[in-house]
Each structure stands twice: as C-alpha cells, then as structure tokens.
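# Summary of the model geometry
Listed below, chain by chain, are the residues.
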Amino acid sequence: MKADVLVIGAGAVGCSIARELTRYNLNVIVVDKNPDVGGLASKSNSAIIHTGYDASPGTLESELVVAANPMYDKIASELDVPFSRVGAILPAITDEQFELLPTLKEKAFKNRVYDIEYLTKEKVLEMEPNMTPEVRGALYIPRESIIDPFLLVVGYAENAVANGAQFLLNTEVTGIEIKDGRITGANTTKGFIEAKFIVNAAGLFCDQIASFVKKNDFFVNPRRGQFYILDKNTNCKTNHIILPIPTKLTKGKLMCPTTHGNMLIGPTAEDLEDKLDASTTKEGLQSIVADVKKMIPCVNMKDTITQFAGLRPNRNPEGLHIDAYDDVPNFVNISGVRSTGVTGSAAIGKYVIRLLQTMGMDAKPNLSFNPVRKSIPCFHEMDIHQKEEIIREDKLYAHVVCRCETITEGEIVRAIHSPIPAKTVDAIKRRLRAGMGRCQGGFCGPKVIEIIARELGIPQEAVVKDRIGSNMLEGKAK
Ligand SMILES: Cc1cc2nc3c(=O)[nH]c(=O)nc-3n(C[C@H](O)[C@H](O)[C@H](O)COP(=O)(O)OP(=O)(O)OC[C@H]3O[C@@H](n4cnc5c(N)ncnc54)[C@H](O)[C@@H]3O)c2cc1C
C-alpha cells in the first residue's frame, strides 16, 4: 500500500488534516488502532469551540485556536454537524475573582479576542436565572460555542473519504522505517505502508510515534477530566457556557448545554501516568458537583444520567508543537494538543498542509473537491410529513429502537453502511445517540447488537463495544 501522505491517528486533528489534504490531488491514508474514527481525547471532552480568550498570548496554540473559532460556522454547515454559538459567561463570585476580571479581559485582548464584555450582576441574573445571587459581575464571551465533537470528527472523516482518502482502522503503527535520512513508510499491524510523508497526530501516544524516528524529546502523560451528564428534563439548566475563572492548571469546572439539550458539568484535571485510565472516581465526581454548585446552586446529582472521563494529552514540557526537522525531512510531529484540540483542529489542518508544502509536498489542487457532507436523516427532528415520507421510502424508519432519543432502525442501518461504517455499539451511539438517553442503552442495547450482527453478517457475540476485546456478549443471546 502506498500513500503520498500517511496520517497516524483518526481523532479531530488527524481527520481534519486528512480532509484538508483531499483538497489536493494526493493519495491520503489515515490509520488508527481503534475500530472507529473519533480518537481518544476527541470523543470525551467539554465540546466547546473556544475563542482562545485565555490562551497564553503569542503561542502557537493561541494563534491556531483564535484562527479556528471563526471557521466553525462554515465547517459545521458544510459537514452537517450540530453547532451553536451560545456564548460563555465567566461569573465572578468572590471579591478576588471580581478583581481578576480586568486582567482576564486584558489577556483576551492580547489574544485578539476583542468581543469580550463586562456584565453587571443584574444582567448576569437576567441572562442566567439559575446563577447564584452572590454573583458580583461577569465577563461575557459571545463566540464561545458548543459542537458535537464526535460528529465533527465523523464529518471530517466522511468528507475526506468522499474526496478520495482511505481510512485503515484497527491498524496500529508499530514502527517507522528510515532509509538514507528519509522516512520510507510505517510498519503497522496490517503490514507496511509506503509513504512520502508521515504526519504524527496520535494524541496521547504521539510520544511513542515520535520515538520511532528519535524525535521524542518530550513525553506525554494523561490529564484526566471527569464529567457528569444531566438529564434533558432537569430544571437546573443554563443558557450559556458557564466558565469558572481559570487557574494555571485548568480552565476549571464548567457547566454548559450540549448541542443535544443535555447539561454537561465538569471536568476535573488530574495528572496520571496510566494512558488507559479513563475511569471515574468518587472524589473526582464529588468535586465537580461541589465546584459547579458555587456558580449554579441548583445542580443536583439526582439529575445525572451518566458520567465519563477523557484524557488530555499533556505534553512535558508543555505547549502545542507542530514540528518539522532537517534530518528527517518528511515527518510532521504534532504534540501537546491538550485542552483545545477540538477547536484547534480546523486551523491545525490548514497549518499542516502549508508546512508539508514548504517541506516539498507536491500538491496540485483537487478541482473536484466537494466540501459538503450530509448526515443520516434524523427521524426525531422531522415534521410529521417528512416522517411519513421517509417511512414510505425506508420501512426501517418506522421501527424505533432507542426510545429515549427516538432513533430508528433505518438510521442505525444507514450508519452501519456509511462511508466510515459504524461497526461497534459505541460507533452507533456516537453517530446517532442510540443509548445516550436516560436509560443509557438498557433497552436498546441488545437490539443494536442484533442489528450490527445482522448487517455485518457476524455472530452477536462478536459485536464489540468500542475496541478489540470489548465484546458485549459472553455467549449466544436468547
Ligand atoms: C476532559 C477534556 C476536556 C476537553 N475540552 C475541550 C473543549 O471543550 N474544547 C476543545 O477544543 N478541546 C477540548 N479538549 C481537548 C481535545 O479533546 C483534544 O485536544 C483533542 O481531542 C486532541 O485530538 P487528537 O486528534 O490530537 O487526539 P485523539 O483524539 O486522542 O486522537 C489520537 C488518535 O491516535 C490514535 N493512535 C494513537 N497511537 C496510535 C498508533 N500507534 N497507531 C495508530 N493510531 C494510533 C488513537 O487511537 C486516537 O484515535 C478536552 C480534552 C479533555 C480530555
């Protein structure tokens, strides 16, 4: 197998790069060790498209996040991804926090985020009735936005496939070959892939990939972030992203609506060593409720429907790096995409293409590039006439599988046969939300397994949750 550019990692960063590469006549291959796109960090985060107001001014991260934010109106519309410019409120509750507001505003200005405003206590309470009455005032950042991060990655990936890229999933890179000072390709669990250029977008494992070419003068540890999701029916909602005053370690624990109408609270920030430890802990979850309650006192654990954790790829020494080298001239090494990589992905994609061009990549424009990708028709968003029409067209749309989120068999079957086929239970969940409602898959789970098995022609026992070995059934289902 031969690639002009081989991208390692199918998270937000790798998939955005792949999509950007297909704007040119290039043979693009993306490999990922997981059975689905969506990455590791890219599927478990706060889902905010940041403005970069609080980045460290003058850094590459600030440059790329600030540049990326305005791109999302177009990207979300082209790729059919749920996205909303809800805006963020940063409440000052203590005297100390109130005194910090001008400093934060000044920092935002240094990052060229000029549309940041002060809010009076009265205005905050009018915009957010559930805010603590102790609030003294706030900053308002109108372009802080929310997105469905998983559908963003699926959108990037499916659009890249439609424009000619190839995705090899369940394929782990185990080494990189170098001859006469140039990379010749990568060894993978599915064989050798010849490549003119390799881009390392492996997130938490980018240090391992970098070590294959001896460019690992850093290491990456996971910085875990735990979250709660609240039921859509909770009375304790906010209209905006409610951000605490950030500290040096973290942006803090926030509360925000998701694009699907739930409320998200979290995350924690815990430095770990084990790159596979995405567990939640009693202490972590308790600290979320305690901290968020200081801003929004009505938050109640009784409203939670699930909890999860994501692992930020924390580079040591820290900072976003996109490096190229004289002595390995066809390797792009991306590291430190820690806390803003969903946002940054749009600009990182463009930045990497430009870098590859300066490294000698011969890239003629792909004149047939089509930026538009359509998502699977969503039954519960249709009016009655559209519902009748789609059921006439596809009888499987008459069968509701997930009762909490009203997801039909028609949608599930289409996802299984989509350009990046959804072959796992989590792949279905993340694309369609079957299993993301109040019952968390208790009712629809077995039916989803049955449909995946039937459509892929495999036994139900072979269906996995999210990765090799995560089989859902031990033996034959009744
Ligand atoms: C708690 C938390 C909250 C966050 N909140 C936000 C937010 O609100 N907004 C925001 O913009 N960002 C946020 N982030 C950051 C964001 O999620 C990450 O920066 C971003 O997802 C990183 O994307 P990535 O593609 O680099 O990595 P990943 O998504 O981790 O993808 C890397 C991929 O590389 C693959 N891979 C690794 N090694 C190999 C190998 N040897 N062979 C093949 N494939 C390999 C992995 O399987 C994985 O799929 C948050 C992160 C966390 C954890």
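Residues numbered from 1 in each chain as written. Predicted model: local features only at pLDDT ≥ 70, side-chain atom pairs only at ≥ 80, totals over all residues. Heavy atoms only, no water.

Attention shifts here to the pairing of strand 20 (residues 331–335). Among the 5 residues that make up strand 20, 5 are buried, leaving the element largely enclosed by the rest of the structure. On strand 20, burial covers both faces: Phe331, Asn333 and Ser335 on one face and Val332 and Ile334 on the other are all buried. Sheet topology places strand 19 (residues 321–323) next to strand 20; 3 bridges connect them, and they run antiparallel. Residue pairing across strands places Ile322 opposite Ile334, the latter belonging to strand 20. (Buried < 20%, exposed > 50% of the residue type's maximum accessible area, 1.4 Å probe, protein only. Helix = DSSP H or I, 4+ residues; strand = E, 2+ residues; numbered from the N terminus. Pairing = 2+ DSSP bridges.)

A cis amide bond links Gly266 to the next residue, Pro267, at an omega of -5 degrees. Along the chain, the position of Pro267 falls in the loop between strand 16 (263–266) and strand 17 (270–271). The phi dihedral of Ala47 is positive, around 65 degrees, even though this residue is not glycine. With respect to the secondary-structure elements, Ala47 resides in the loop between strand 2 (28–31) and strand 3 (48–49). Its identity as a non-glycine residue notwithstanding, Lys214 has a phi of 60 degrees, on the positive side.

It is worth spelling out the sheet that holds strand 4 (residues 83–84) at this point. Spatially, 3-8-4 is the arrangement adopted by the 3 strands of the open sheet, whose pairing is antiparallel. What marks the edges here is a single partner per strand, and that holds for strand 3 and strand 4. Two elements, strand 3 and strand 8 (residues 145–147), share 2 bridges in a ladder whose sense is antiparallel. Its bridge partner being in strand 8, Ile48 is matched across the sheet by Ile146.

Ranked by size, the top nonpolar core spans 55 residues in total, and within it Phe167 and Ile334 carry the most contacts. Ignoring any residue separated from it by four or fewer positions in sequence, one finds Phe167 in contact with Ala10, Cys15, Ala18, Val30, Val37, Ala157, Ala160, Val161 and Ile420. Among the nonpolar cores identified, the runner-up in size contains 27 residues, and Leu6, Val173, Ile183 and Ile198 belong to it. (Core = buried A, V, L, I, M, F, W, Y, C linked by side-chain atoms within 4.5 Å. Contact = heavy atoms within 4.5 Å.)

Moving on: the domain arrangement of the protein. Segmenting the protein into domains produces domain 1 (2–45 + 149–218 + 317–358), domain 2 (85–146 + 222–312) and domain 3 (379–462). Once you take the C-alpha centre of each, domain 1 and domain 3 turn out to be 30 Å apart. Contact with domain 1, which involves 12 residues of that partner, is made by 7 residues of domain 3. Between domain 1 and domain 3 the total buried area reaches about 850 Å² when both faces are included, carbon and sulfur atoms providing 68% of it. (Domains from an automatic or database assignment. Buried area = accessible area lost by both parts, 1.4 Å probe.)

Using the criterion set out here, one finds 5 aromatic pairs in the structure. Ring centres of Tyr72 and Phe83 lie 6.3 Å apart, and the angle between their planes is 40 degrees; this geometry places the pair in the tilted category. With Tyr72 in helix 3 (residues 72–79) and Phe83 in strand 4, this pair connects stretches of sequence that are 11 residues apart. In this structure, Lys33 is placed above the aromatic ring of Phe205, and the distance from its NZ or CZ to the ring centre is 3.5 Å. In this structure, Arg182 is placed above the aromatic ring of Phe197, and the distance from its NZ or CZ to the ring centre is 6.0 Å. (Phe/Tyr/Trp six-rings, centres within 6.5 Å; stacked < 30°, edge-to-face > 60°. Lys NZ or Arg CZ within 6 Å of the ring centre and 35° of its normal.)

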